[in-house]
Amino acid sequence: MSETTTTLLGQASRTRREARLERVLPGTPDAVWAAWTDPALLPSWFGPVLAGVPGPDQEYVLEGRGDHGDTITCRVLQWREPELLEHTWRYIGESADSVLRVEISPAGDGTLLRLRHGDLPSEVDPADYCAGWHMYTDAMEARLQGREPVADSDARWLELLPAYSAAAE
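Chemist: I tried to follow the nonpolar core on my own but got confused; where do I start?
Modeler: Taken as a class, soluble globular proteins show a tendency for nonpolar side chains to be buried jointly. Formed by 40 residues in total, the largest nonpolar core has its most connected members in Trp36, Trp45, Phe46, Leu62, Trp89 and Trp133. No other element matches helix α3 (residues 126-144), which puts nine residues into this core.

Chemist: Can you help me understand the side chain of Glu86 in this one?
Modeler: Inspection of the secondary structure assignment puts Glu86 in strand β6 (residues 84-91). In this structure the side chain of Glu86 is engaged in a polar contact, spanning 3.1 Å, whose partner is the side chain of Arg101. What Glu86 contacts, discounting residues up to four positions off in sequence, is Arg75, Val76, Leu77, Gln78, Val99, Leu100 and Arg101.

Chemist: Help me out: how do you make sense of the packing of helix α1 (residues 29-37) against α3 in this one?
Modeler: The relative placement of two packed helices comes down to the angle between their axes together with the axis-to-axis distance. Between α1 and α3, whose axes approach to 11 Å, the crossing angle comes to 120°. Classified by the interaxial angle, the pair formed by α1 and α3 is oblique. Regarding α1 and α3, the two cross each other, and that crossing is right-handed. Taken together, the residues of α3 that come into contact with α1 (itself represented by Ala31, Val32, Ala35 and Trp36) are Trp133, Met140 and Leu144. Looking at the contact of α1 with α3, its residues break down into seven nonpolar, no polar and no charged.

Chemist: It is not clear to me how the packing of aromatic side chains should be interpreted in this structure. Could you clarify?
Modeler: The geometry of an aromatic ring pair comes down to the distance between the two centres and the angle between the two planes. On inspection of all chains with the given rule, the structure shows 10 aromatic pairs. Ring centres of Phe46 and Trp89 lie 5.9 Å apart, and the angle between their planes is 85°; on these two criteria the pair is classed as edge-to-face. You can see Phe46 sitting in the loop between α2 (42-45) and β3 (49-51) and its partner Trp89 sitting in strand β6, a full 43 residues away along the chain. Trp89 gets classed as buried once you look at its relative accessible area, which sits at 3%. Considering the side-chain rings of Trp133 and Tyr136, the 5.8 Å spacing of their centres and the 50° angle between planes classify their relative orientation as tilted. Placement of both Trp133 and Tyr136 in helix α3 is noted, with a separation of three residues, approximately one turn of the helix. Each member of the pair, Trp133 as well as Tyr136, is classed as buried. One aromatic cluster is present, built from ring pairs that chain together Trp36, Trp45, Phe46, Trp89, Trp133 and Tyr136.

Chemist: How should I be thinking about helix α4 (residues 153-167) in this particular structure?
Modeler: Under the 1.5 Å per step criterion, the end-to-end length of α4 is 21 Å for 15 residues, consistent within 8% with the ideal 21 Å. The largest bend in α4 comes to about 30°, at Leu161, with the proline Pro162 one to four residues further on. When α4 is considered as a whole, its buried residues turn out to be Ser153, Arg156, Leu160, Leu161 and Tyr164. Residues of α4 that are buried in the fold lie against β1 (10-13), β2 (18-26) and α3. Among the residues of α4, the N-terminal cap falls to Asp152, whose side-chain oxygen and the backbone nitrogen of Asp154 are separated by 3.3 Å.

Chemist: Can you walk me through the environment of Arg101 in this structure?
Modeler: Looking at where Arg101 falls in the secondary structure, it is placed in strand β7 (residues 98-107). Residue class for Arg101 comes out partly exposed when judged on its relative accessible area of 24%. Expressed as a C-alpha distance, the spacing of Arg101 and Glu141, which sit 40 residues apart in the sequence, is 18 Å. Not counting the four nearest positions on each side in its chain, Arg101 is found in contact with Gln78, Leu84, Leu85, Glu86, Arg114, Leu115 and Arg116.

Chemist: Could you clarify how one ought to interpret the packing of α3 against α4 in this entry?
Modeler: Contact geometry of α3 with α4 gives a least axis separation of 8 Å together with a crossing angle of 135°. It follows from the interaxial angle that α3 and α4 lie oblique. The element α3 and its partner α4 pack so that their crossing is right-handed. Of the residues in α4, those in contact with Ala127, Asp128, Cys130, Ala131, Gly132, His134, Met135 and Asp138 of α3 are Ser153, Arg156, Trp157, Leu160, Leu161, Tyr164 and Ser165. Here the residues of the contact of α3 with α4 sort into eight nonpolar, four polar and three charged.

Criteria and cut-off values
The written sequence of each chain sets the order in which its residues are numbered from 1. pLDDT decides what is reported in this predicted model: residues at 70 or higher carry local features, side-chain atom pairs at 80 or more are listed and counted, and totals for whole chains, interfaces and linings draw on all residues regardless. For side-chain calculations, the full set of non-hydrogen atoms in the structure is used, while hydrogens and water are omitted. Here, the term nonpolar core denotes a set of buried Ala, Val, Leu, Ile, Met, Phe, Trp, Tyr and Cys residues that are joined through side-chain atoms within 4.5 Å. For every residue, the accessible area (1.4 Å probe, protein chains only) is compared with the maximum for its type, and the residue is labelled buried under 20%, exposed over 50%, or partly exposed between those bounds. Secondary structure is summarised from DSSP: a helix means a run of H or I of at least four residues, a strand means a run of E of at least two, and numbering begins at the N terminus for each. Polar contact is the term for a pair of N or O atoms within 3.5 Å; when the atoms are in protein, one must be able to donate a hydrogen and the other to accept it, and sequence-neighboring residues count only if both atoms are side-chain atoms. Note on contacts: a residue pair qualifies if any of its non-hydrogen atoms lie within 4.5 Å across the two residues. Only C-alpha atoms enter the line fits that serve as axes; for helices the fit covers just the stretch in contact. Angles between N-to-C directions range over 0 to 180 degrees. By definition in this entry, angles of less than 35 degrees are roughly parallel, angles greater than 145 are roughly antiparallel, angles of 65 to 115 are roughly perpendicular, and the rest are oblique. For any pair of crossing helices, the crossing counts as left-handed if the nearer helix is rotated counterclockwise from the farther one by less than a right angle, and right-handed if it is rotated clockwise. Note on residue categories: nonpolar means Ala, Val, Leu, Ile, Met, Phe, Trp, Tyr, Cys or Pro, charged means Asp, Glu, Lys or Arg, and polar means any other residue, Gly included. The aromatic pairing rule takes the rings of Phe, Tyr and Trp, using the six-membered ring of Trp, and pairs them if the centres are within 6.5 Å, calling planes under 30 degrees apart stacked, those over 60 edge-to-face and the rest tilted. One less than the residue count of a helix, multiplied by 1.5 Å, gives the span that helix is expected to have. The angle between axes fitted to the seven-residue stretch ending at a residue and the seven-residue stretch beginning at it gives the bend at that residue.

Written out as structure tokens, the structure is:
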């Protein structure tokens, strides 16, 4: 899938307070797992690990792409390498933790990624997270293919947001 597509990869639910996304990524499940969990690889598609280290029963802090200084505090709830990662997610300024669940499985020559970001706080529009995860997994796809991700992640998110907002239930 091209990083310029706005074809929806998931669904936002305002009633269930969740964002879901599914896509096939290039590479093996081990490569996709490493992209999600290796502090040396996270900056290439998401952002740097500012504190702690992803791992079983660990807490760590991420910084998102862009020049915002946005931080996310995560506490690992489930760690089954290379198939399941689940952790709390506390984005700076949000009133409560949400839960991010990432399932990884083989899919032909690639890897199926199923993402559920649930228990989103009431002040958050799940469409924002759908557009964000679409943008971030575009960046992951580019890195797994050995390409540079789109430089302006904010512009990419703004491009995707109207479609996810309109389709949200």
